[in-house]
Amino acid sequence: GAPGVADDASVKALVQDGASQTAGSLRDAFGQVVTTSHEIPSALGWPSDTKVALAPTLTTMRGGRVVGTAGVAPKALFGRFSQAQANPVNRYYASPAGNDSNAGTFAAPWRSVKKCIEAANAAGASARILVTAGSYLNGQGFEGVSPTVDTAFVAAGGPVLVSNGMPTASYTFASHATYTKTYYINPTPTGGVSRVLDLSRVTEFGNPVELVKVANETICNETPDSYYEGSALYIHRRDGAQPTPTNTRVLVTAVNLIVTSEVNIYVGSEDGSPWTMEGSANVQTAPAADPAVAIFAIATPTNAALKAIVTESVKFRFGGEELATTPGNGVSIEHWHGLVAFFNCGADANAKDGFNAHYGLNAATTTLVLTVNCGGDDNGRKAQSANGLTLHENVIAIDISGRFVRGRGGTVHNIGTSKQYMLGPHVEGDLGDVAAGGNIPPTAMMLQNTAQMWVERGSVRMPAGTYAYWAKDAGTKFYLKDCEPVAQPFAGLGTYSTF
């Protein structure tokens with residue numbers, strides 16, 4: 001049941017006093033923006049390998065907003081591991097105007113990103129894949145083909161959408177003679193449906209509104225904003241309109257981005273163009289990773305050299321199916337030997353977690369996770385212990401200026417022997433997982449087993465009667481430094497101290 005309450009009032013007072021002092025030191029007498037440098041706690045165990053060396057900073061903007069850096073830009077960080085982005089052996093091109101029967105050159109690009117990956121794998125050398133702005137729907141994206149060589153995926157010319165959405169040619173929805181408030185397509189899409197999105201409306205987090213899956217055609221007919229998946233697919237939009245590619249996206253159940261080989265991967269842009277990746281399978285995918293929009297998973301890490309995955313300006317959303325036995329994440333990291341880094345990325349509206357990292361194999365190797373100016377909002381609508389960011393086993397992580405909102409069961413929730421340093425995080429609005437059959441009350445930041453977390457200049461906002469920090473088990477430890485005061489008592493059997 002309910003968390004216990006730590007009674008070390010002196011620790012809490014010390015932490016909160018530090019918050020007011022630090023806040024005043026971040027601006028000069030003229031209220032100018034100030035950048036501060038920060039030290040990674042040595043007890044975190046972040047390796048001394050120069051490839052993963054970081055120098056975190058925080059900048060407090062006018063109005064109090066905080067942004068951070070890792071002391072190294074994404075492309076430069078990736079360049080420590082591979083030349084696939086800056087100086088690849090081979091180059092391939094994908095475009096919405098392309099065709100997979102083309103040559104894959106700039107003048108004659110392919111239509112699918114998958115075709116580029118297959119060509120790079122066959123050539124056996126590092127590759128840079130330029131992905132031109134536009135939509136890559138089911139059959140045109142990554143399609144679950146894992147790179148087996150160092151690969152850089154580079155967006156150019158504007159936003160790139162890689163989605164499990166049904167292709168435009170598949171939209172032949174007709175009005176139903178019996179269920180007159182619905183439109184249907186028969187048969188239902190191959191592979192099944194994971195989500196249905198109303199593209200004409202967005203949530204407070206900026207994502208399309210999701211329709212609710214119901215149990216039969218009759219309920220769908222009487223329920224706006226719903227769909228039913230049987231032998232046919234029925235959709236009842238709130239506005240009563242016929243589903244079209246412009247107003248509705250149907251996500252089919254299929255694997256999206258997956259990396260299962262020990263190679264270096266970059267996903268970013270040439271000119272600031274952002275990525276959106278959405279949709280995933282709703283079953284576990286070998287090697288034993290939770291289903292997710294993006295899966296970085298190694299069955300048995302063998303390479304002594306650290307490998308890096310570096311992504312920037314990518315949103316991973318609508319992973320998995322809400323009612324599935326194994327709901328999906330935005331990102332699943334499993335047994336990766338090396339660094340997985342995210343810069344200015346988001347993981348929103350996933351069936352379970354936003355960012356999820358596991359590492360339970362081979363203690364001689366290490367999984368490192370870095371998130372910089374990232375967020376994970378509105379995750380886990382039907383899942384237990386659904387988090388914006390979660391670490392397991394012996395993962396070591398650094399989060400710089402993260403913003404994680406409205407999880408369900410510990411918006412930041414770490415377990416096992418994991419360790420994390422969070423610099424300038426903002427966490428708020430967790431709803432708990434009791435509604436999904438769990439037993440976690442609304443809790444912003446939560447530790448279990450012997451997990452440890454260092455939080456510096458943290459901002460936690462939770463309403464009365466909930467929990468800001470919960471060190472659940474006796475072996476857990478929160479170390480707090482210059483954090484904002486919280487109204488709630490420190491909870492749990494673990495310990496709280498400063499650093």
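Report follows, based on the coordinates. (Residues numbered from 1 in each chain as written. Predicted model: local features only at pLDDT ≥ 70, side-chain atom pairs only at ≥ 80, totals over all residues. Heavy atoms only, no water.)

**Describing the overall build of the protein**
When helices and strands are tallied, the protein shows 4 helices and 39 strands. Relative to the globule expectation of 23 Å for 499 residues, the C-alpha radius of gyration of the protein, 23 Å, shows essentially globular dimensions. Counting only C-alpha atoms, the protein reaches 70 × 55 × 50 Å along its principal axes. Expressed as a percentage of the 499 residues in the protein, the buried residues total 59%. For the protein, the proportion of contacts with a sequence separation of at least 24, taken over those separated by at least 6, is 72%. Just so you have it, the protein exposes about 18200 Å², and 52% of that area is on carbon and sulfur atoms. (Helix = DSSP H or I, 4+ residues; strand = E, 2+ residues; numbered from the N terminus. Rg over C-alpha atoms; globule rule 2.2 N^0.38 Å. Buried < 20%, exposed > 50% of the residue type's maximum accessible area, 1.4 Å probe, protein only. Contact = heavy atoms within 4.5 Å. Areas by Shrake-Rupley, 256 points an atom, 1.4 Å probe, with all protein chains shown as cover.)

**Things to note about unusual backbone geometry**
Asn186 connects to Pro187 through a cis peptide bond whose omega is 5°. By secondary structure assignment, the location of Pro187 is in the loop between β8 (183-185) and β9 (193-202). Positive phi is not limited to glycine here, since Phe318 has a value of about 60°. Among the structural elements, Phe318 can be located in the loop between β20 (314-317) and β21 (329-334). Phi angles above zero are rare outside glycine, and Asn344 is one such case at about 55°.

**Digging into the pattern of salt bridges**
Scanning the model with the defined rule gives 21 salt bridges in all. Among the salt bridges present, the one from Lys75 reaches Glu312, with a minimum N-O distance of 3.1 Å. Of the two residues, Lys75 is situated in helix α2 (residues 74-79) and Glu312 in strand β19 (residues 307-312); the sequence distance between them amounts to 237 residues. The exposure class assigned to Glu312 is buried, which follows from its relative accessible area of 12%. Where Arg406 meets Glu204, a salt bridge forms, and the shortest distance between an N and an O atom there is 2.7 Å. One end of the pair, Arg406, is in the loop between β29 (403-405) and β30 (412-414); the other, Glu204, is in the loop between β9 and β10 (208-210), and 202 residues separate them in sequence. Judged by its relative accessible area of 25%, Arg406 falls in the partly exposed class. Several salt bridges share partner residues, and in doing so they unite Asp198, Arg201, Asp225, Arg237, Arg238 and Asp239 into one network. (Salt bridge = Lys/Arg side-chain N within 4 Å of Asp/Glu carboxyl O.)

**Focus: the sheet that holds strand β7 (residues 174-175)**
Strand order in the open sheet formed by 5 strands is β7-β8-β13-β12-β11, with mixed pairing between adjacent strands. Two strands in the sheet have a free side with no partner beyond their single neighbour: β7 and β11 (212-213). (Pairing = 2+ DSSP bridges.)

**As for the packing of aromatic side chains**
Counting across every chain of the model gives 18 aromatic pairs. Taken together, a centroid distance of 5.9 Å and an interplanar angle of 20° make the contact between Tyr184 and Tyr234 stacked. Remark: Tyr234 occurs in strand β13 (residues 233-236) and Tyr184 occurs in strand β8; sequence separation between them is 50 residues. Residue classification places Tyr184 among the partly exposed residues on the basis of a relative accessible area of 26%. A cation over an aromatic ring shows up here: Arg111 above the ring of Tyr136, its NZ or CZ 5.2 Å from the ring centre. (Phe/Tyr/Trp six-rings, centres within 6.5 Å; stacked < 30°, edge-to-face > 60°. Lys NZ or Arg CZ within 6 Å of the ring centre and 35° of its normal.)

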